[in-house]
Amino acid sequence: MPTQVLIASNNHHKADEIQTLLGSDYQCLTLSNFPDAPLVIEDANTFAGNAVKKALSLVNWLKTNNKEIEGWILADDSGLEVDALEGEPGVYSARYASNNDQNCSDAANNSKLLDKLEGIEPSRRTARFRCVIALAKIGEYAQPQIFNGICEGQISEAANGVNGFGYDPLFIPKNFNNSFGELDSEIKNLLSHRASALHQLKEWLTKN
Ligand code: IMP
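On a predicted model such as this, the values are computed, not experimentally measured, just so you know.

## Some details on unusual backbone geometry
Note the cis peptide between E88 and P89, where omega equals -5 degrees. Note on placement: P89 falls in the loop between β3 (72-82) and α3 (106-116). Even without being a glycine, N66 presents a positive backbone phi close to 50 degrees. Judged by relative accessible area, which is 62%, N66 ranks as exposed. For N175, which is not a glycine, the phi torsion comes out positive at approximately 75 degrees. Following the sequence through the fold, N175 ends up in the loop between β6 (171-173) and α4 (185-191).

## Points about the packing of aromatic side chains
By the definition in use, this model includes six aromatic pairs. Pairing W72 with W204 gives two aromatic rings, centres 5.7 Å apart and planes at 80 degrees, and the pair type is edge-to-face. With W72 in strand β3 and W204 in helix α5 (residues 193-207), the pair connects residues that are 132 residues apart, well separated along the chain. Under the relative-accessibility criterion, W72 is labelled buried at 11%. Aromatic side chains F147 and W204 sit 6.1 Å apart centroid to centroid with 65 degrees between the ring planes, which places their arrangement in the edge-to-face category. Taken together, the residues F147 in strand β5 (residues 145-155) and W204 in helix α5 connect sequence positions 57 residues apart. Joined through ring pairs, the aromatic side chains of W72, F147 and W204 make up one cluster. Between the NZ or CZ atom of K188 and the centre of the ring of F180, over which it lies, the distance is 5.6 Å.

## Comments concerning the layout of surface pockets
By volume, the largest pocket amounts to about 1200 Å³. Taken together, 46 residues line the largest pocket, and the ones lying closest to its centre are K14, E42, K54, A94 and N103. Residue composition of the lining of the largest pocket, grouped by class: 19 nonpolar, 16 polar and 11 charged. By volume, the second largest pocket is sized at about 190 Å³. For the second largest pocket, the lining is made up of 14 residues, of which E17, G164, S185, K188 and N189 are closest to its centre. Contributions of two or more residues to the lining of the second largest pocket are made by α1 (12-22) and α4. For the lining of the second largest pocket, the class distribution of residues is three nonpolar, six polar and five charged.

## Focus: the site of the ligand
Looking at the ligand, there are 17 residues lining it, with K14, E42, D168, K188 and R194 nearest. Residue S78 places a main-chain N or O atom 3.0 Å away from an oxygen atom belonging to the ligand. In this structure, an oxygen atom belonging to the ligand sits 2.7 Å away from a side-chain N or O atom of K188. The fraction of the free accessible surface of the ligand (490 Å²) that becomes covered by protein chains is 92%. Assessed atom by atom at 2 Å from the grid points, the ligand resides in the largest pocket. Per-element accounting of the shell around the ligand gives the leading share, four residues, to β3. Its residues assigned to classes, the shell around the ligand shows four nonpolar, five polar and eight charged.

So, how was this worked out
Residues numbered from 1 in each chain as written. Predicted model: local features only at pLDDT ≥ 70, side-chain atom pairs only at ≥ 80, totals over all residues. Heavy atoms only, no water. Helix = DSSP H or I, 4+ residues; strand = E, 2+ residues; numbered from the N terminus. Buried < 20%, exposed > 50% of the residue type's maximum accessible area, 1.4 Å probe, protein only. Phe/Tyr/Trp six-rings, centres within 6.5 Å; stacked < 30°, edge-to-face > 60°. Lys NZ or Arg CZ within 6 Å of the ring centre and 35° of its normal. 1 Å grid on protein atoms, 1.4 Å probe; cavity = no way out; pocket = protein on both sides within 12 Å on 5 of 7 lines; lining within 4 Å. Points joined across faces, edges and corners; volume = space filled by probe spheres on them. Nonpolar A, V, L, I, M, F, W, Y, C, P; charged D, E, K, R; others polar. Near = heavy atom within 4 Å. Polar contact = N/O pair within 3.5 Å; in protein donor to acceptor, adjacent residues only side chain to side chain. Areas by Shrake-Rupley, 256 points an atom, 1.4 Å probe, with all protein chains shown as cover. Sits in = over half its atoms within 2 Å of the grid points.

And the structure:
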C-alpha cells in the first residue's frame with residue numbers, strides 16, 4: 001500500500017511534480033480532495049513560516065473534523081528570488097502583480113518581473129528558485145520537519161516555452177541555455193529546488 005501524502009495546495013502543477021518526484025511508493029492527495037478545508041492566509045515573511053503554517057493548520061483541521069486519513073501532510077512554499085531586485089518577488093511570488101494581496105495569473109507576474117528588470121544586462125539577472133517543505137504527521141500537532149531546496153539560474157529577457165508553471169518560462173537554470181518553460185519536465189525534475197527538497201524528504205521518510 002502506498003503511503004498517503006496530503007499536499008497542502010490546490011496547485012495541480014506543484015502536486016504533479018511532487019507525485020512524480022515521490023514516485024509510486026507514495027499516493028498524493030491535494031486540497032481538491034478536501035474542498036471544505038479552510039484557506040490559509042500566507043502572511044509569514046519567510047517560506048518556512050508559511051510552509052509550517054499551512055501544514056499545521058491542516059493537521060488541526062483534519063483532527064477537529066475527524067477526517068479519516070492517515071499518513072503525512074506536505075506543505076510546499078516556494079518562490080523566486082532575483083538578486084537585482086534584492087530578493088523580490090520572494091514570498092510574494094504567487095501574488096507579485098496583485099494590488100489586493102490575492103494570487104494573480106502567471107502571465108501578469110511574469111510581465112511585472114520583466115518590466116522591473118528592463119535594461120538590466122544578462123550578467124546581473126541572476127536568480128534562484130527556493131522551495132521549503134514542511135512535513136507533518138497526520139494526527140500529531142508537533143513541529144513539522146523542514147526540507148530546503150534551491151535551484152540557481154538567471155532571468156531571461158523574454159518568456160520562452162510553455163512547460164511547467166509560474167516563472168518557468170523566464171527561468172534559465174545555471175549551465176543551460178533554455179528556460180524551464182522550454183526544457184522537458186524530466187530535466188526540471190532533476191535540477192529543481194523542489195526536486196532537491198523532496199530528495200531529502202524521501203531519505204528522511206525511509207528512516208522515520
Ligand atoms: P506558493 O504556492 O505560495 O508556494 O507560491 C509559489 C509561487 O512561486 C508560484 O505561484 C510560482 O509563481 C512560483 N514558483 C514556485 N515554484 C515554482 C516553479 O517550480 N516554477 C515556477 N514558478 C514557481
